[in-house]
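Chains, contacts and geometry: an overview
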Amino acid sequence: MPLSDREQQILSDIEARLRAEDPKFAKTVSTASVSTDARRRVKLAIAGLIVGFVLLLLVVPLGEVLVGVAGFAIMLASVVYGGNQLKRLGADQTGDLGGQLRGGFNRYLGDKRERKDRRGRDE
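Each chain has its residues counted from 1, running along the sequence as written. pLDDT decides what is reported in this predicted model: residues at 70 or higher carry local features, side-chain atom pairs at 80 or more are listed and counted, and totals for whole chains, interfaces and linings draw on all residues regardless. Based on all heavy atoms of the structure, the side-chain values leave hydrogens and waters out of the count.

Summing up its helical and strand segments, the protein has four helices and zero strands in all. Starting at the N terminus, the α and β elements of the protein follow one another as α-α-α-α. Residue pairs in contact within the protein that sit at least 24 positions apart in sequence constitute 60% of those at least 6 positions apart. Using the Shrake-Rupley algorithm and a 1.4 Å probe, accessible areas are obtained, with residue cover drawn only from the displayed protein chains. Of the roughly 10,200 Å² of accessible surface on the protein, a fraction of 63% belongs to carbon and sulfur atoms. Secondary structure elements are defined from DSSP: runs of H or I of at least 4 residues count as helices, runs of E of at least 2 residues count as strands, and each element is numbered from the N terminus. Note on definitions: a residue-residue contact is assigned when non-hydrogen atoms from the two residues lie within 4.5 Å.

As structure tokens, then:
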């Protein structure tokens, strides 16, 4: 439901006061989204994967098995975490398309039912 002119004016006033009082926060809020947060977390997961891999490669030749297992655990946790973030990122980007497709399909079914009902009344 669209906002009325009065509601839009109130919202604009609130935004202007926020920008005047805390410009850094206003900039952060205006540029932040689920996508940017998920991308940052994917980069963090990649860094964790690299750290775990390097740890595993450096420690295994020295015979430190427990530290090698810890490196493998870091790699595994990073892959799982990064995969979840990629899934979240993909869901965010395809969410609008999915809604459009479902809406179109539901409209198609509704039109089909309406035609069937009309045929039943006409006969």
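We now examine the pattern of salt bridges. Salt bridges are identified by distance alone: a Lys or Arg side-chain nitrogen within 4 Å of an Asp or Glu carboxyl oxygen. Applying the stated rule across the entire model yields one salt bridge. A salt bridge links Arg19 to Glu15; its shortest N-O distance comes to 3.7 Å. Taken together, the residues Arg19 and Glu15, both in helix H1 (residues 5-21) and four residues apart, mark about one turn of the helix. Overall, Glu15 belongs to the partly exposed group, its relative accessible area being 37%. Three exposure classes are used, based on accessible area relative to the maximum for each residue type with a 1.4 Å probe and protein chains only: buried under 20%, partly exposed in between, and exposed over 50%.

A separate point is the environment of Ala91. By the element assignment, Ala91 lies in helix H4 (residues 65-122). Residue classification places Ala91 among the partly exposed positions, given a relative accessible area of 49%. A C-alpha to C-alpha distance of 9.7 Å links Ala91 and Ser35, two positions 56 residues apart in sequence.

By the element assignment, Ser35 lies in helix H3 (residues 34-59). Taking the relative accessible area as the measure of exposure, Ser35 reaches 10% and is therefore buried.

Here we take up the side chain of Ser78. Structurally, the position occupied by Ser78 is in helix H4. Throughout this description, a polar contact denotes any pair of N or O atoms lying within 3.5 Å of each other; where both atoms belong to protein, one of them has to be capable of donating a hydrogen while the other can accept it, and for residues adjacent in sequence the pair is counted only when both atoms sit in side chains. A polar contact of 3.3 Å, which involves the side chain of Ser78, links it to the backbone nitrogen of Leu49. Residues within four places of Ser78 in sequence aside, it is in contact with Ala45, Gly48 and Leu49.

Attention now moves to the confidence of the model for the protein. The pLDDT averaged across the protein works out to 78; a share of 70% of its residues lies at or above 70. The predictor rates its confidence in each residue with pLDDT, a number between 0 and 100. Note that residues 96-102 has pLDDT below 50 and, in this model, zero contacts with residues that lie over four places away or in other chains.

Moving on, we come to the side chain of Gln85. Note on placement: Gln85 falls in helix H4. The residues contacting Gln85, other than those within four sequence positions of it, are Ala38, Arg41 and Val42.

Moving on: the environment of Ala26. By the secondary structure assignment, Ala26 is in helix H2 (residues 23-31). Assessed through its relative accessible area of 14%, Ala26 is described here as buried. Residues Ala26 and Glu15 lie eleven residues apart in sequence; the distance between their C-alpha atoms is 8.2 Å. Those residues in contact with Ala26, other than ones at most four positions away along the chain, are Leu18 and Arg19.

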